[in-house]
Structure formats: C-alpha cells, structure tokens
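# Close look at the chain arrangement
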Amino acid sequence: MNLEEQQFLNELDKRLWTMANKLLPMLDAAVYKHVVLGLIFLKYVSDAFKERRAELELAFRDPNHDYYLGDDSAELIEQELEARDYYTEKNVFWVPALARWDFLQAHAKVAVGTVLQVKNGKTTDYKFNGIGRLLDDALEAVEKENPKLKGVLEKTTRASRSTPHCLA
C-alpha cells in the first residue's frame, strides 16, 4: 500500500469514527451497530459502483476498447451507464440512483415533504420523509436490485425506531 492510499484510509477511519461518535450518545449500543453498518455498507457499494461507472465511461469513449460507442454518443453513453450487466459482470453490486452516496449526501438535509427527482435511466419522483426513511429506502432498493442481499440488510429506522430523529 502506498503512502497516498494509507493517508486516505487513515482519513476515512477518522471521519467514520467522528460520525459514529456523534451518533453514540443518541442511540442504544444494540441499535447503533445497525445504523453505522448500514451507512458503511451504502458508502462501500456506492464507491465500488462509482469506480466501475468511471471505468465504463472511459471504455465507452475509447476507440481502442471493445465497448467503444462512437463519437457524439453522449446520450447513448448515459443509457449504457445505467445497464446493470456492466456492473455485475465485474461482481459489483448494482446500486440504484436512490441509494448512490452522492444522491444521499446531496439530499440528506432537504425539508421533509420535498419531492426529489431520481434519475435511474428514467426520472422518478421520491417524496423525502426524513433521512432515516431515505436510508431505509436506499437499503431496500439495493436489496431489491441484488437478490443475494435479500433479508440481509438491517434497516436503520427499524433498528432505531425509538430515536429516528438522531439520524438527521
């Protein structure tokens, strides 16, 4: 592992512990692990998905690659980037737009009742009912799109039913 990778991991470790410590006084320890593990899982699968997506975009634009889609193919590239088979062929979980970390991060603090636009090949509306509900819906979406995860992921608001406000 090179120095840059080690620094990244150290910084990630520090950030995760900081976030976890903010939640600790608000949650029972039995509940705490489910919330934190759910967040870590979403971040991990989203990062792997994003990395594969970047690889695919380069391949679609590279005339020397088998996946090359031709010049002036921006719309086609966007469509192909939403094709699940490109991800699963490399053992990367398919992550629906609602569960992608960038989407979660960008919408974590919007007002309850806000209607969000989710673009996942097509555009759908999602009514924001709080960050806990958004995280649960994100976990459910990942679980639904990846059958081997069925029944494995603990939902955050179910785990923290008594204190869902602390997830905000």
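Quick caveat, the model's predicted, so the values are computed rather than measured. (Residues numbered from 1 in each chain as written. Predicted model: local features only at pLDDT ≥ 70, side-chain atom pairs only at ≥ 80, totals over all residues. Heavy atoms only, no water.)

### What about the overall build of the protein?
This is how it is decided: Helix and strand definitions follow DSSP, with helices as H or I runs of at least four residues and strands as E runs of at least two, each counted in order from the N terminus. Only protein chains enter the accessibility calculation, which uses a 1.4 Å probe; a residue whose area is less than 20% of its type maximum is buried, one above 50% is exposed, and one in between is partly exposed. In what follows, a contact means two residues having at least one pair of non-hydrogen atoms within 4.5 Å. Method for areas: the Shrake-Rupley scheme with a 1.4 Å probe, in which residue coverage is limited to the protein chains shown.
The helix and strand inventory of the protein stands at seven helices and two strands. In the protein, buried positions account for 38% of the 168 residues. Considering only contacts in the protein between residues 6 or more positions apart, those separated by 24 or more positions represent 47%. Element-wise, carbon and sulfur atoms account for 53% of the exposed surface of the protein, whose accessible area totals about 10,800 Å².

### Things to note about the side chain of His 107
Here is the rule: Polar contacts, as used here, are pairs of N or O atoms within 3.5 Å; protein pairs need one atom able to donate a hydrogen and one able to accept it. Residues neighboring in sequence count only if both atoms are side-chain atoms.
By the secondary structure assignment, His 107 is in helix H5 (residues 101-107). The class for His 107 is buried, based on a relative accessible area of 19%. Side-chain polar atoms of His 107 contact the backbone oxygen of Phe 103, separated by 2.8 Å. Contact partners of His 107, with chain neighbours within four places excluded, come to Leu 116, Phe 128 and Leu 134.

### Topic: the pairing of strand E1 (residues 115-120)
Here is the rule we go by: At least two DSSP bridges between two strands are required for those strands to pair.
Pairing analysis gives six bridges linking E1 to strand E2 (residues 122-127), with the strands arranged antiparallel. Of the residues in E2, the one forming a bridge with Val 115 is Lys 127.

### Some thoughts on the pattern of salt bridges
Two side chains that carry opposite charge are able to pair once their charged atoms sit near each other. Here is the rule we go by: Only one rule defines a salt bridge in this text: a Lys or Arg side-chain nitrogen within 4 Å of an Asp or Glu carboxyl oxygen.
According to the stated counting rule, one finds eleven salt bridges in the structure shown. Its salt-bridge partner being Glu 78, residue Arg 53 comes within 3.7 Å of it at the nearest N-O pair. Placement of the pair is Arg 53 in helix H2 (residues 29-61) and Glu 78 in helix H3 (residues 74-80), with a sequence separation of 25 residues. Put simply, Arg 133 and Asp 137 hold a salt bridge, and the shortest N to O gap is 2.6 Å. One end of the pair is Arg 133 and the other is Asp 137, both in helix H6 (residues 131-145) and four residues apart, which spans about a single turn. A single network of salt bridges, built from pairs that share partners, joins Arg 53, Glu 78, Glu 82 and Arg 100.

### A closer look at the packing of aromatic side chains
Spelled out, the test is: Here a pair means two rings of Phe, Tyr or Trp (six-membered ring of Trp) with centres within 6.5 Å. Their orientation is stacked below 30 degrees between planes, edge-to-face above 60, and tilted elsewhere.
All told, the structure shown has seven aromatic pairs when counted by the stated rule. The interplanar angle of 15 degrees and the centroid separation of 4.3 Å between the aromatic rings of Phe 49 and Tyr 87 together place this pair among those described as stacked. Highlighted residues: Phe 49 in helix H2 and Tyr 87 in helix H4 (residues 85-88), separated in sequence by 38 residues. For the pair Phe 60 and Tyr 86, a centre-to-centre distance of 5.2 Å together with 70 degrees between the ring planes defines the contact as edge-to-face. In this pair, Phe 60 sits in helix H2 while Tyr 86 sits in helix H4, placing the two residues 26 residues apart along the sequence. Residue classification places Phe 60 among the buried positions, given a relative accessible area of 0%. Residue class for Tyr 86 comes out buried when judged on its relative accessible area of 16%. Among the aromatic residues, those joined into a ring-pair cluster are Phe 49, Tyr 87 and Trp 94.

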